[in-house]
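Next come the chains, spelled out residue by residue.
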Amino acid sequence: MSAADSASTVRIPFDELAALLRGIFQRHGCSDPVAAVLAHNCASAQRDGAHSHGVFRMPGYVSTLDSGWVDGRAVPQVSDVAPGYVSVDAAGGFAQPALAAARALLVSKARSAGIAALAIHNSHHFAALWPDVEPFAEEGLIALSVVNSMTCVVPHGARRPVFGTNPIAFAAPCAGEAPIVFDMATSAMAHGDVQIAARAGQALPAGVGVDAAGEPTTDPQAILEGGALLPFGGHKGSALSMMVELLAAGLTGGNFSWEYDWASHPGAKTPWTGQLILLIDPDKGQGEAFAKRSRTLLEQMQGAGLDRLPGERRHRERALAQAQGVALQATELERLRQL
Ligand code: NDP
Ligand code: PYC
């Protein structure tokens, strides 16, 4: 049993969890293709122990769908803009079905031109970002994605929030290993983790956020109720978050993180923004050599004493879930069945 296991933890097969989630999405207004994509994404996050974006998110998805803020039946409109550029209007639906609709065209462009961009706008992204990039690296491509969210992060040196928690995810093939993947919010903490800490009554580390008066606080509730998060790493994280706004919203035509008004949709939780995905085909550069070079870098880092690579914890959790089932709290499973 892992440390996560306790008397109140249950384990269920991945397919059973995905089917349960798919049914919930359908019941709350999603078309079957949308429900399937979102359920797979959310079940994968739970399987990999990415708890801030696993089943914890389901009540938020449901209240958002029920509020009419997002269109669960949206049909994404894909535009073939240029030899290395695809654009998708997600039509007010979720970003993941928009990626699914454009995926084949994007990959064929990356394979022929060596590089290709996918710009998604008019989209809602409420999930972990690594599921959007990891599969590309499993196919031998390098993938980078950014998505902006909703305003709750104060730019370094500013007095009020402008940015979202704006994650960056990267995936690269690695010879003889799973792809090298990282996925991180550019805020000091993901908003989901602040909510989880508030629910558990746990204080946060210093430097994560400020209260409604702009004073530093370690109280997650104070951040959620009128306060705000800070970027990680001061001016450096702030610059990366600014870049995410520029690429995910400025470039794609999506909303910046502050450009929303959900006042007439009580229960809405999902950011209505944009997303950029960049693919590079390493075969156009050094071919097989890239994956070997990845491996060389990885070995050098391990030789220097590194004992944990980004993505390693997820893969450990995944292996355990594949052997024993996906872990979730019995109370969470009960809540899902009620949804
Ligand atoms: P973490 O800080 O938990 O992890 C960031 C990355 O660092 C992960 O790849 C993680 O790998 C790796 N990592 C963590 N600890 C270590 C360590 N000690 N040594 C080496 N690598 C390490 O992620 P965040 O809290 O910043 O983000 C959580 C999730 O929230 C992400 O999936 C993100 O996409 C999502 N998010 C989504 C938003 C949206 O708008 N859709 C907005 C903001 C966040 P590992 O996974 O293996 O632990
Ligand atoms: O955890 O910061 C977050 C987040 C925002 C939108 C989806 N997840």
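Our subject is the structure that appears above.
Throughout what follows, the structure given in this document is the object of discussion. All figures in this text were calculated on a predicted structure; none of them were measured in a lab.

## Overview of the overall build of the protein chain
Secondary structure assignment for the protein chain yields 11 helices and 12 strands. Radius of gyration (C-alpha) of the protein chain: 20 Å, near the 20 Å computed for a compact globule of 339 residues. Excluding contacts between residues fewer than 6 apart, the proportion of contacts in the protein chain whose partners are at least 24 apart in sequence is 68%. Carbon and sulfur atoms make up 56% of the accessible area of the protein chain, which amounts to about 15,200 Å² in all.

## What to know about the packing of aromatic side chains
Under the criterion given, the structure shown has eight aromatic pairs. Ring centres 5.1 Å apart and planes at 80 degrees place the aromatic pair Phe25 and Tyr61 in the edge-to-face group. In this pair, Phe25 is assigned in helix H1 (residues 14-27) and Tyr61 in helix H3 (residues 58-67), connecting sequence segments 36 residues apart. When sorted by exposure, Phe25 lands in the same class as Tyr61, which is buried. Seen from their ring centres, Trp69 and Trp272 are 5.6 Å apart, and the 80 degrees between their planes marks the pair as edge-to-face.

## Focus on the pairing of strand S2 (residues 77-82)
Both S2 and strand S3 (residues 85-94) contribute to a ladder of five bridges, which runs antiparallel. By the bridge assignment, Ser79 is partnered in S3 with Ser87.

## A few points about H1
Here H1 contains 14 residues, and its C-alpha end-to-end distance of 20 Å stays within 8% of the 20 Å for a straight helix at 1.5 Å per residue. Tucked into the core, H1 has its buried residues touching strand S1 (9-12), helix H2 (32-47), H3, strand S12 (326-329) and helix H11 (330-338). Of the residues trailing H1, Gly29 is marked for its positive phi of about 105 degrees.

## Observations concerning the site of ligand 1
The local shell around ligand 1 holds 20 residues, among which Ala127, Asp183, Ala185, Arg308 and Arg313 are the closest. One of the backbone N or O atoms of Leu129 is found 3.0 Å from an oxygen atom in ligand 1. In isolation ligand 1 offers 930 Å² of accessible surface; the protein chains occlude 74% of this area. If you list the elements that add at least two residues to the shell around ligand 1, you get strand S7 (180-184) and helix H10 (312-324). By residue class, the composition of the shell around ligand 1 is nine nonpolar, five polar and six charged.

## Quick word on the sheet that holds strand S9 (residues 216-217)
Sheet architecture is open: three strands sit in the order S9-S8-S10, paired in antiparallel fashion. Every other strand in the sheet has two partners, leaving S9 and strand S10 (228-229) as the edge strands with one partner each.

## Here's the deal with the pattern of salt bridges
Side chains bearing opposite charge may pair, as long as their charged atoms lie close to each other. What the rule picks out here adds up to 11 salt bridges. Among the salt bridges present, the one from Arg47 reaches Asp48, with a minimum N-O distance of 2.8 Å. A residue is classified by how much of its surface remains accessible, and Arg47, at 13% relative accessible area, is buried. Judged by its relative accessible area of 0%, Asp48 is buried. Where Arg111 meets Asp281, a salt bridge forms, and the shortest distance between an N and an O atom there is 3.6 Å. Placement of the pair is Arg111 in helix H4 (residues 95-113) and Asp281 in the loop between strand S11 (272-280) and helix H9 (288-303), with a sequence separation of 170 residues. Classification of Arg111 by relative accessible area gives partly exposed; the value is 29%. Through salt bridges with shared partners, a single ionic network connects Arg47, Asp48, Glu134, Arg314 and Arg318.

## Quick look at the site of ligand 2
With respect to spatial proximity, the complete set of residues near ligand 2 consists of His53, Arg57, Phe126, Ser149, Thr165, Ala190, His191, Gly192 and Pro271. One of the side-chain nitrogen or oxygen atoms of His53 is found 2.7 Å away from a nitrogen atom of ligand 2. Here an oxygen atom of ligand 2 and a backbone polar atom of Gly192 are 2.9 Å apart. Its residues placed into classes, the shell around ligand 2 shows three nonpolar, five polar and one charged.

## Section: unusual backbone geometry
With phi around 60 degrees, Ala91 is a residue other than glycine that occupies positive phi space. With respect to the helices, strands and loops of the structure, Ala91 is situated in strand S3. A positive phi angle, near 35 degrees, is found at Asn166, a position not held by glycine. Relative to the helices and strands, Asn166 is located in the loop between strand S5 (142-147) and strand S6 (168-172).

## Some remarks on the packing of H1 against H2
The geometry of H1 relative to H2 is characterised by a closest axis approach of 8 Å and an angle of 135 degrees between their N-to-C directions. Comparing their axes, H2 and H1 come out oblique. The hand of the H1/H2 crossing is right-handed. The residues of H2 that touch H1, namely those facing Phe14, Leu17, Ala18, Leu21, Arg22, Phe25 and Gln26, are Asp32, Ala35, Ala36, Leu38, Ala39, His40, Cys42, Ala43, Ser44, Gln46 and Arg47.

Reading the values: the criteria
Residues numbered from 1 in each chain as written. Chains lettered and ligands numbered in written order. Predicted model: local features only at pLDDT ≥ 70, side-chain atom pairs only at ≥ 80, totals over all residues. Heavy atoms only, no water. Helix = DSSP H or I, 4+ residues; strand = E, 2+ residues; numbered from the N terminus. Rg over C-alpha atoms; globule rule 2.2 N^0.38 Å. Contact = heavy atoms within 4.5 Å. Areas by Shrake-Rupley, 256 points an atom, 1.4 Å probe, with all protein chains shown as cover. Phe/Tyr/Trp six-rings, centres within 6.5 Å; stacked < 30°, edge-to-face > 60°. Buried < 20%, exposed > 50% of the residue type's maximum accessible area, 1.4 Å probe, protein only. Pairing = 2+ DSSP bridges. Expected span 1.5 Å × (residues − 1). Near = heavy atom within 4 Å. Polar contact = N/O pair within 3.5 Å; in protein donor to acceptor, adjacent residues only side chain to side chain. Nonpolar A, V, L, I, M, F, W, Y, C, P; charged D, E, K, R; others polar. Salt bridge = Lys/Arg side-chain N within 4 Å of Asp/Glu carboxyl O. Axes fitted to C-alpha atoms, helices over the stretch in contact; angles between N-to-C directions. Parallel < 35°, antiparallel > 145°, perpendicular 65-115°, else oblique. Left-handed = near helix turned anticlockwise from the far one by under 90°.

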